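Examining the three-dimensional arrangement
Given next are the chains, with one letter for each unit.
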Amino acid sequence: MSQAIVDKPAVAERSFQRVQQIIEECGATKSSLIPILQKVQEEYRYLPQEILAFIATALDVPPATVFGVATFYAQFSLDPKGKNIIKVCDGTACHVRGNKTIISAICKKVGLKDGEHTTSDMRWTLEKVSCLGACGLAPAVVINEQIFGRMTPEKVIAAINEIQEDDKLKVKK
Ligand code: FES
């Protein structure tokens, strides 16, 4: 019996209290669906399936409607994301100026294998994105909303080191 409790997926143990709070803040109506999903994603860094179902019930809309909106907009993710998100521009200018070497350096540094986007410790997510609108600064990379231009493998590793150091300091506090 206790084994079943231990094995229960973490997802099932997630409290819906915060989600309920978000729904109350935004208003429990269908027209609030996008702001609700945005806030839930801010909270969890992605949209867990069981929370989408909870939102559908709370708003009294079919689950397919909520799922449809969540999958339609590129801003939403149904896959778990890491604490730190690195977006490497894969537009033409950045591609031509060697974004591949930057991607390789990031993967090696944080321990991502081919085809993986998020590290198993959930600390890092790597995404390739289309033109960031900073082509003059190619290759461009965004790390946790901060844009870096004329990126090099050395510079990206230094930026990751800095975040890792900050994280260690926060843990010690
Ligand atoms: S192609 Fe990378 S910023 Fe435009």
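On to the overall build of the protein chain. The number of helices and strands found in the protein chain is 9 helices and 4 strands. What you see in the protein chain, going N to C, is helices and strands ordered as α-α-α-α-α-α-β-α-α-β-β-β-α. Counting only C-alpha atoms and orienting by the principal axes, one finds that the protein chain spans roughly 50 × 40 × 30 Å.

A few words on the packing of helix α4 (residues 33-44) against helix α6 (residues 63-72). The interhelical angle for the contact between α4 and α6, taken along N-to-C directions, is 65°, at an axis separation of 11 Å. Along this stretch, α4 crosses α6, giving a crossing that reads as right-handed. Contacts between α4 and α6 involve Leu-33, Ile-34 and Leu-37 from the former and Val-66, Val-69 and Ala-70 from the latter. Of the residues contributing to the contact of α4 with α6, the split by class is 6 nonpolar, no polar and no charged.

Turning to helix α8 (residues 99-110), a few remarks are in order. An ideal rise of 1.5 Å per residue puts 16 Å on 12 residues; α8 measures up with 17 Å between its terminal C-alpha atoms. Taken residue by residue, α8 has Asn-99, Ile-102, Ile-103, Ile-106 and Val-110 as its buried positions. Buried residues of α8, seen end-on, are gathered within an arc of 100° and therefore sit on one face of the element. Facing away from the buried side of α8 by more than 90 degrees, the exposed set consists of Lys-100, Ser-104 and Lys-108. Two residues or fewer after α8 comes Gly-111, characterised by a positive phi angle close to 85°.

With that out of the way, let us pick up the sheet that holds strand β3 (residues 141-143). Reading across the sheet, the 4 strands line up as β2-β1-β3-β4 and stay open at both edges, with mixed pairing between neighbours. If you trace the sheet from one side to the other, it starts and ends with β2 (124-129) and β4 (146-148), each paired once. Mean inter-strand twist for the sheet, computed between neighbouring axes without regard to direction, equals 20°. Docked against the sheet, α8 engages β1 (84-89), β2 and β3, running at close to 160° with respect to β1.

The next thing to look at is the nonpolar core. Residues Ile-86, Val-88, Ile-102, Ile-106, Ala-140 and Val-141 are the most contacted members of the largest nonpolar core, which totals 18 residues. For this core, the secondary-structure elements that each account for two or more residues are β1, α8, β2 and β3. A per-element tally of this core places α8 first, with 4 residues. Setting aside its immediate chain neighbours within four residues, Ala-140 contacts Cys-89, Cys-94, Leu-132, Ala-134, Ile-147, Phe-148, Gly-149 and Met-151. The next biggest cluster of nonpolar side chains, apart from the first, holds 13 residues, and it includes Ile-22, Ile-23, Ile-36 and Val-66.

The next thing to look at is the pairing of β1. Direction of pairing for β1 relative to β2: parallel, over a ladder of 6 bridges. Opposite Asn-84, over in β2, you have Trp-124 as the bridge partner. With 3 bridges joining them, β1 and β3 adopt antiparallel strand pairing. Within the sheet, the bridge partner assigned to Lys-87 lies in β3 and is Val-142.

This part covers unusual backbone geometry. The peptide bond linking Ala-138 to Pro-139 adopts the cis configuration, its omega dihedral lying at -5°. Residue placement: Pro-139 occurs in the loop between β2 and β3.

On to the environment of Gln-164, then. As for its placement among the helices and strands, Gln-164 is situated in helix α9 (residues 153-172). Since 15 C-beta atoms lie within 10 Å of it, Gln-164 is described here as partly exposed. As for Gln-164 and Gly-91, which are separated by 73 residues in sequence, their C-alpha atoms are 28 Å apart.

Turning next to the confidence of the model for the protein chain. Of all residues in the protein chain, 90% attain a pLDDT of 70 or more, and the chain-wide mean is 90. Scored below 50 in pLDDT, residues 1-9 makes 1 contact in the model with residues more than four places away or belonging to other chains.

The rules we used
- Residues numbered from 1 in each chain as written.
- Predicted model: local features only at pLDDT ≥ 70, side-chain atom pairs only at ≥ 80, totals over all residues.
- Helix = DSSP H or I, 4+ residues; strand = E, 2+ residues; numbered from the N terminus.
- Axes fitted to C-alpha atoms, helices over the stretch in contact; angles between N-to-C directions.
- Left-handed = near helix turned anticlockwise from the far one by under 90°.
- Contact = placed C-beta atoms within 7 Å.
- Nonpolar A, V, L, I, M, F, W, Y, C, P; charged D, E, K, R; others polar.
- Expected span 1.5 Å × (residues − 1).
- Buried ≥ 20, exposed ≤ 12 C-beta atoms within 10 Å, placed from the backbone.
- Arc of directions from axis to C-beta.
- Pairing = 2+ DSSP bridges.
- Core = buried A, V, L, I, M, F, W, Y, C linked by C-beta atoms within 7 Å.
- pLDDT = per-residue confidence, 0-100.

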